[in-house]
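Coordinate analysis (summary)
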Amino acid sequence: MPAPEFAAAAEAIVHNIDQVIEGKTATVRLALAVLLAEGHLLIEDVPGVGKTKLAKALARSIDCSVRRIQFTPDLLPSDVTGVSVYNQETRDFEFKPGAVFANIVVGDEINRASPKTQSALLECMEERQVTVDGVTYPLQRPFMVVATQNPIEMEGTYPLPEAQRDRFTARIAMGYPDAGAELAMLDVHGAEDPLVALQPVTDAETVRGLIATVRDVHVADAVKQYAVNLVNATREAPELRLGASPRATLQLLRTARAVAALEGRDYVLPDDLQALAVPVLAHRLIPTAEAQLSRRTTDAVVADLIHRLPLPTDRQRSPYNTRPATPPRDPRDPSPRGR
Amino acid sequence: MNQRRQVTLVAAAATLLATAPLATIYETWTWCIDCLFAVGAVCLAALGTRALRSPMWTQLLAMLAALTIMVTWLFGSKGAIAGTIPTGTTLQHFGTLLSSANRDINDYGIPVPDREGLLFLTTASVGLVAILVDLVAAGLRRPALAGFPMLAMYWIPVLVHPDSVSFIPFVVGAVGFLWLLVTDNVDRVRRFGRRFTGEGRDVDLWEPSPLAAAGRRLAVVGVALAILLPLAIPGMTNGLLDRFGAGGDGQGIGPGGNGRGTSVNLFSALSGQLNLKSTHDMLKVTTNDPSPYYLRIGEADRLVEAGFSSQSSRSGKSVTSAPSTAPINLPGVTQKKYQANITVTNNLNMALLPVYSQPTKFQKLDSSWLYDPNSGLVYSNRSSSAGKQYSFEFLHTDYKPEALRSAKPLSQDNPIQRMDTSVPPQPKVDSLVASLTAGKTTPYDKVLALYNYFSADNKFEYSLSTETGTSGSDIVDFLNNKKGYCEQYASALAWMVRAADIPARVAFGFTRGTNRQNDTYTLTNENLHAWTEVYFAGYGWVPFDATPTAGVAGSVSPAWAPDVNHKDPTGSTGTVGAPSSAGPDGSNPQDRKLPEDPAGASAGAHTQHPSAPMWPWYLAGAIVLVVLLLALPGLRRSMIRRNRRPRSAVGTGVRATAGGEIVDSPPGEMRVVEDAGRAEAARADAHTTWDELIDTLVDFDIPVDDAETPRVTVARLADSMLLGAEAADAVRLIGQAEERARYSRIPLPATGLSESLRTVRSAISHRALWRTRLRAVVLPPSVLRRWRGGLVERTSSVTSTVTRSWDRTTRVLSPRRLIPGRATAR
């Protein structure tokens, strides 16, 4: 897709969502980048900041199939994936597709469902298919899960299993709107819900084209090396019990491509990786007990790593580097160490 | 053992080790025993008071008391209570010992024998050093400071004897000091409790901690510097390298008799024996004086029964100021100015330098050498003559006998008359003098009569040993037996002249010598000589050599004191060569001036300069070297900058302006670069420009962060540095070029990069302080840091290689490997 068309299409989506969510352009662009990187989005914030609204606005802006699942404690896996029902007319079992059979699936309050139900999402999020009764059904493209969760109120919730957290490409926080945006919101939302009036500005076909364009964005070797170094650094950081997975590396680079394309570049910068490191990596990491006790969030740890990690270049290393090339070793590492 | 106690013991041991350099100045090891006692007493006192947990000042008092008691026991039993508690008498005795030590320091060369005064001085000083070391190391817990008193002990032999101090005593002392440091540090670490290496596992006591790698690196660099730096400095090379090849001291035995080691004994004995075992070259003299007189090295004017001894107190001024030698303006005296250049070999090792009479100007001698116009000696309290090379100008004086004859006797209250005419009562000598000088009226005639008495006609002959007599007096024995060498003749004549109430003294030195090549004389220990000097009012000290010329190689007989055995109408002879051969020689004598004369430097013209001084060249060379070294970083920086000029200045189809506006290729559109080579050149240009920008930032002290992307760096520079709009645009352009060169398919062409760089550089430079600007030009930190980084990397790799191989070796050799469960743990 030529650059002007790409920019126009992307801009149209962002602008459309902006009508519903005021003053959150960066968050909206990140959400769009996740869509273009073929990833899934986890929106985590306190109640009432517009998590669900963002998810719905994103879904509504694209003329594609959208399904919404309200995760409740009594939700069953078959509600998500679908179920085979006996059809008396055909005297056979007939597959009734669940909520995931759509381009965009909005999962509200995902941590209120039991882990049993949440695990139903594992296959479809990673492999974009659903297997029921031994039959595998592929999902449509693009496919994106936009889930919201509330980190404050923990009563009656089930924390997301690590496997599922790793399947979300990025976790974003909405944050409170600033004073001006909140004032404008009162004007706009006072009378009626703008979400109702929101019209799609693009379709699934266009989005597939955008995704193809993003895949073409150039990533220099130095940037790839930087991504690997960054992910490695999370694995070796002494404050983290669990580092990022290779899947995280892939998704980091993919999202970086999308961000670069959204900014009108055909190449990825280390700056893109730095900007994405916290949203893409932080939610997958598990801090050590000591870090938890000292109130170190994984966000802060990743931000620190970015500040410390030297930038690889394809040329000779800078002579002014005074830091060690690799971060300190994990003290829990049980492997024997030579002197 | 209590740690503090251990440090106390080690401090005492280290002090004893640090005394090792004193071995070079003593002949025997008696001092070592004394020092052992003194240090032991101090150490015991320290241990005792510390065991009682008494405060620091009582520790100090106890140590001082212990040292006093020990020194009293060793040296001052006179009047001491129970032999150990000093009384007033003891202290007086100590004062005597100290003054005798002072005398010994002046009189003896190195190595010195066991003189009680010197031993007392040494023991007391070492004891005081031990107290200091103990207080600093164990009391104040600052063992590094203990190095100062220990170093002071090393200085003593170095100052006294600069050329022959071997490096081994220093190493011994240094080992003691290091031992002290290590003990203290181990103690410090132990006080933390368990040793902990940061990995949470137990360690063996002797396993090095990870920090040791840094220590090893420092140690390697330090040792390398300590070895290489002295080699690099020209003046110090002698000091270090020659030590390894230095042999023993030369043993010179002079005719002066009891030549101790390499020095000449300045005592003119009236009896004795001379041993000439071997011949050594002692000096080389080059002078334009056609017939020089004797070289003086010492004088003796204190007459005792056994002979003349030299006085210890001298009052001289530094030779760097002109000696107060004034010409004698009297008829019958001719004075000519000459130049002499003397090279002393290592065989002559004294605190005195041989010079001709009446020197007027010294060259190539430092201010540690003093000239005493009364005795006419050049001496030093610190330096040694061994290996010295120096030159001086002097006045060669000739006296006509008639002129000397006109000299009147000195008045009785003249200090010279008072001091230099005293003789021990010896009636036989007095009567002989009276009979010889009967009828003579002038001092000169009296002296000449006495001088002529020592002739072959009177049966006087030269002999290497005197014969013993029965008179009980050495001089009477000599006058009876009439056999002796120069000391007896010189002393006897001086005694007799003094008995005639005329001031006289004995001078020591070298005869003219017989080994002559052009203007250069080579003088050996066989040329060592003693002769008489007589004082004439107005003329000063005039030399008379009464020794039979046949016995002395290279002696000179001047006109006023002709050879009594070879009467010559010219009145002047000189013997040259072996004792038997004697030939005429038109030599002219010289003498010295009245010491009372005020400072009046002679205004004679310089006759010649034997060699231009070399130090200006060294200085100029050193300055040039320093300037070159200082200019090196700046030159390197400008070279780097020149190498970084962009090479391609043609675009590849992407237009760039200084404002940073870029007509970009859209995402997803593959742009074919027609000329791959040109793209590469543009990439390289962007990289070099960026590198240059970073180096410039480093030069101007603007922080550089490796974790920063070019975009962030540029934003920081453009937005927060107040560079101005133009420079901000320029830096953005450089940043974009680098960013695209690094990460994009298509680089930005190099149009305007070098101009932008110049703009940025001048903006940064304009903003910087003048100091920073100057440093950026002269000592650019970018170059220095790169060098330092390279050095660190290299030393790290070397030390890690060495450490690895050492570890491998020790692991293979270590017996602990055989203990089960130990080898597998690693």
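Residues numbered from 1 in each chain as written. Chains lettered and ligands numbered in written order. Predicted model: local features only at pLDDT ≥ 70, side-chain atom pairs only at ≥ 80, totals over all residues.

1. Quick notes on the overall build of chain A
For the record, the criterion: Numbering goes from the N terminus for both helices and strands, where a helix is a DSSP run of H or I of at least four residues and a strand is a run of E of at least two. For every residue, the other C-beta atoms within 10 Å of its own C-beta are counted; 20 or more classify it as buried, 12 or fewer as exposed, and values in between as partly exposed. C-beta atoms are placed from the backbone. Throughout, a pair of residues is in contact if the C-beta atoms placed from their backbones lie within 7 Å.
Assigned secondary structure in chain A consists of 15 helices and 13 strands. By the burial criterion, 42% of the 339 residues in chain A qualify as buried. In chain A, the proportion of contacts linking residues at least 24 apart, taken out of those at least 6 apart, comes to 78%.

2. Some remarks on the overall build of chain B
What chain B contains, in helices and strands, is 22 helices and 21 strands. For chain B, with 826 residues in total, the buried portion stands at 42%. In chain B, 74% of the contacts between residues at least 6 apart in sequence involve partners at least 24 apart.

3. Observations regarding the nonpolar core
Threshold: By definition, a nonpolar core groups buried Ala, Val, Leu, Ile, Met, Phe, Trp, Tyr and Cys residues that are joined through C-beta atoms within 7 Å. For the domains described, the bounds stem from an automatic or database domain assignment.
Counting residues in hydrophobic clusters, the biggest one holds 92 residues, and the most contacted among them are Ala-31, Leu-41, Ile-104 and Val-146 of chain A. When residues in this core are grouped by element, the largest group, nine residues, is from helix 12 (residues 246-262) of chain A. Split by domain, the residues of this core number at least three in each of domain 1 (3-216) and domain 2 (218-315) of chain A. Not counting residues up to four positions away in its chain, the partners in contact with Val-146 of chain A are Leu-41, Ile-43, Ala-55, Leu-58, Ile-104 and Val-106 of chain A. Counting residues in each nonpolar core, the second largest holds 89 residues, with Tyr-379, Phe-394, Ala-553 and Val-556 of chain B among its members.

4. Things to note about the sheet that holds strand 10 (residues 369-372) of chain B
Residue and element names in this part refer to chain B. Where we set the bar: By definition, two strands form a pair when at least two bridges between them are found by DSSP.
If you walk across this open sheet you meet the four strands as 6-10-11-8, and the pairing is antiparallel. The open sheet terminates on both sides in strands that have one partner only, identified here as strand 6 (317-318) and strand 8 (352-353). Of the strand pairs in this sheet, strand 6 and strand 10 are connected by two bridges, and their pairing is antiparallel. Directly across from Ser-318, in strand 10, lies its bridge partner Leu-370.

5. Points about the pairing of strand 9 (residues 144-149) of chain A
Residue and element names in this part refer to chain A. Counting buried residues along strand 9, six of its six residues qualify, which places the element largely inside the surrounding structure. The alternating pattern of strand 9 places Met-144, Val-146 and Thr-148 and Val-145, Ala-147 and Gln-149 on opposite faces, both of which are buried. Of the pairings in the sheet, the one linking strand 6 (residues 104-108) to strand 9 comprises four bridges and is parallel in character. Counted as the bridge partner of Gly-107 is Ala-147 from strand 9.

6. Some remarks on the UniProt feature "transmembrane region" (unreviewed entry) in chain B
Residue and element names in this part refer to chain B. Condition: UniProt positions are given in the numbering used here, feature names are shortened, and annotations may be inferred rather than shown by experiment.
The UniProt entry lists residues 60-76, 118-137, 167-186, 218-236 and 615-635 under the feature "transmembrane region" (unreviewed entry), expressed in the numbering used here. Along residues 60-76, the helical share is 94% and the strand share 0%, with 22 Å between the first and last C-alpha atoms. Helix makes up 100% of residues 118-137 and strand 0%, and the two end C-alpha atoms of the span are 28 Å apart.

7. Quick look at the sheet that holds strand 18 (residues 528-536) of chain B
Residue and element names in this part refer to chain B. What counts here: In this analysis an axis means a line fitted to C-alpha atoms, helices contributing only their contacting stretch, and an angle means the value between N-to-C directions, from 0 to 180 degrees.
The four strands lie next to each other as 3-15-18-19, forming an open sheet whose pairing is antiparallel. Edge positions in the sheet fall to strand 3 (295-300) and strand 19 (540-544), since each has one partner strand and no second. On average, each strand axis in the sheet is inclined to that of its neighbour by 40°, with strand direction left out of account. In terms of strand pairing, strand 18 meets strand 19 through five bridges, oriented antiparallel. What sits directly across from Val-534, in strand 19, is Val-542. Helix 15 (residues 486-499) rests against strand 15 (504-510), strand 18 and strand 19 of the sheet, and its axis sits at about 15° to strand 18.

8. Details of the packing of helix 2 (residues 25-36) of chain A against helix 12 of chain A
Residues and elements named next belong to chain A. Where we set the bar: In this scheme, roughly parallel covers angles under 35 degrees and roughly antiparallel covers those over 145, while 65 to 115 is roughly perpendicular and the rest are oblique. The sense of a crossing depends on the near helix, which, turned anticlockwise from the far helix by less than a right angle, makes the crossing left-handed and, turned clockwise, makes it right-handed. Under the scheme applied, nonpolar residues are Ala, Val, Leu, Ile, Met, Phe, Trp, Tyr, Cys and Pro; charged residues are Asp, Glu, Lys and Arg; polar residues are all the others, including Gly.
Interaxial distance between helix 2 and helix 12 falls to 8 Å at its minimum, and their mutual angle equals 120°. In this view, helix 2 runs oblique relative to helix 12, as classed from their interaxial angle. For the pair helix 2 and helix 12, the crossing hand works out as right-handed. Here Arg-29, Leu-32, Ala-33, Val-34 and Leu-36 of helix 2 come into contact with helix 12, specifically with Thr-255, Ala-258, Val-259 and Leu-262. Partitioning the contact of helix 2 with helix 12 into residue classes produces seven nonpolar, one polar and one charged.

9. Looking at the environment of Gln-129 of chain A
All names here are of chain A. Here Gln-129 shows up in strand 7 (residues 129-132). Owing to 13 C-beta atoms within 10 Å, Gln-129 belongs among the partly exposed residues under this scheme. Taking C-alpha positions, Gln-129 is 9.5 Å from Thr-81, a pair spaced 48 residues apart along the chain.

10. Some points on helix 2 (residues 30-51) of chain B
All names here are of chain B. Convention followed: Multiplying one less than the number of residues by 1.5 Å gives the expected span of a helix.
Under the 1.5 Å per step criterion, the end-to-end length of helix 2 is 32 Å for 22 residues, consistent within 8% with the ideal 32 Å. Listed in full, the buried residues belonging to helix 2 are Trp-31, Asp-34, Cys-35, Ala-38, Val-39, Ala-41, Val-42, Cys-43, Ala-45, Ala-46, Leu-47 and Arg-50. Looking at the buried positions of helix 2, the neighbouring elements they touch are helix 1 (3-18), helix 3 (56-75) and helix 5 (116-139). Arg-53 sits one or two residues past helix 2 and shows a positive phi near 55°.

11. Focus on the pairing of strand 6 of chain A
All names here are of chain A. When you tally the buried positions in strand 6, you get four out of five residues, the bulk of the element. With five bridges joining them, strand 3 (residues 66-70) and strand 6 adopt parallel strand pairing. When the bridges of strand 6 are listed, Val-66 appears paired with Ile-104.

12. Brief notes about unusual backbone geometry
A cis amide bond links Arg-141 of chain A to the next residue, Pro-142 of chain A, at an omega of -15°. Inspection of the secondary structure puts Pro-142 of chain A in the loop between strand 8 (135-138) and strand 9. Phi angles above zero are rare outside glycine, and Lys-482 of chain B is one such case at about 60°. You can call Lys-482 of chain B partly exposed: it has 18 C-beta atoms within 10 Å. At Asp-701 of chain B, a residue that is not glycine, the phi angle is positive and equals roughly 65°. Position of Asp-701 of chain B among the secondary structure elements: in the loop between helix 17 (676-699) and helix 18 (710-720).

13. Focus on the environment of Met-144 of chain A
Residues and elements named next belong to chain A. Tracing the backbone shows Met-144 in strand 9. Sequence-wise, Met-144 and Ile-104 are 40 residues apart; in three dimensions their C-alpha atoms are separated by 4.9 Å. In this structure, Met-144 is in contact with Leu-35, His-40, Leu-41 and Ile-104, ignoring residues within four places of it in sequence.

14. Considering the packing of helix 12 of chain A against helix 13 (residues 270-281) of chain A
Residues and elements named next belong to chain A. Remark: helix 12 packs on helix 13, axes separated minimally by 9 Å, with the N-to-C direction vectors making an angle of 130°. When the interaxial angle is binned, helix 12 and helix 13 end up oblique. Once helix 12 is placed against helix 13, the crossing between them reads as right-handed. Of the residues in helix 13, those touching helix 12 at Ala-248, Gln-251, Leu-252, Thr-255, Ala-256, Val-259 and Ala-260 are Asp-272, Leu-273, Ala-275, Leu-276, Val-280 and Leu-281. Residue composition of the contact of helix 12 with helix 13, by class: ten nonpolar, two polar and one charged.

15. Here's the deal with the confidence of the model for chain B
Caution applies to low-pLDDT parts of the model: their predicted coordinates are not meant to be read in detail. Residues and elements named next belong to chain B. Note the cut-off: The predictor attaches a confidence to each residue, and that confidence, scored 0 to 100, is pLDDT.
Counting all residues, the mean pLDDT for chain B is 76, and 78% of those residues have values of 70 or more. The least confident element of chain B is helix 9 (residues 234-245), whose mean pLDDT is 40; the most confident is helix 2, at 91. Here residues 234-262 is a poorly scored stretch, pLDDT under 50, and it has 64 contacts once near neighbours within four places are set aside; other chains count. Ignoring residues within four places in sequence, the model shows residues 822-826, a span with pLDDT below 50, making three contacts including any to other chains. Confidence metrics for the complex model read pTM 0.51 and ipTM 0.82.

16. Notes on the environment of Leu-493 of chain B
Residues and elements named next belong to chain B. Tracing the sequence through the fold places Leu-493 in helix 15. On a C-alpha basis, the gap between Leu-493 and Tyr-453 in space is 9.2 Å, while along the polypeptide they are 40 residues apart. The residues contacting Leu-493, other than those within four sequence positions of it, are Leu-450, Tyr-451, Phe-454, Thr-532, Phe-544 and Ala-546.

17. Section: the confidence of the model for chain A
Residue and element names in this part refer to chain A. For chain A, per-residue confidence averages 85 on the pLDDT scale, and 92% of positions sit at 70 or higher. The spread of mean pLDDT over the elements of chain A runs between helix 8 (residues 179-191), the lowest at 80, and helix 12, the highest at 93. The low-confidence segment residues 321-339 (pLDDT under 50) makes 17 contacts with residues lying over four places distant or belonging to another chain.

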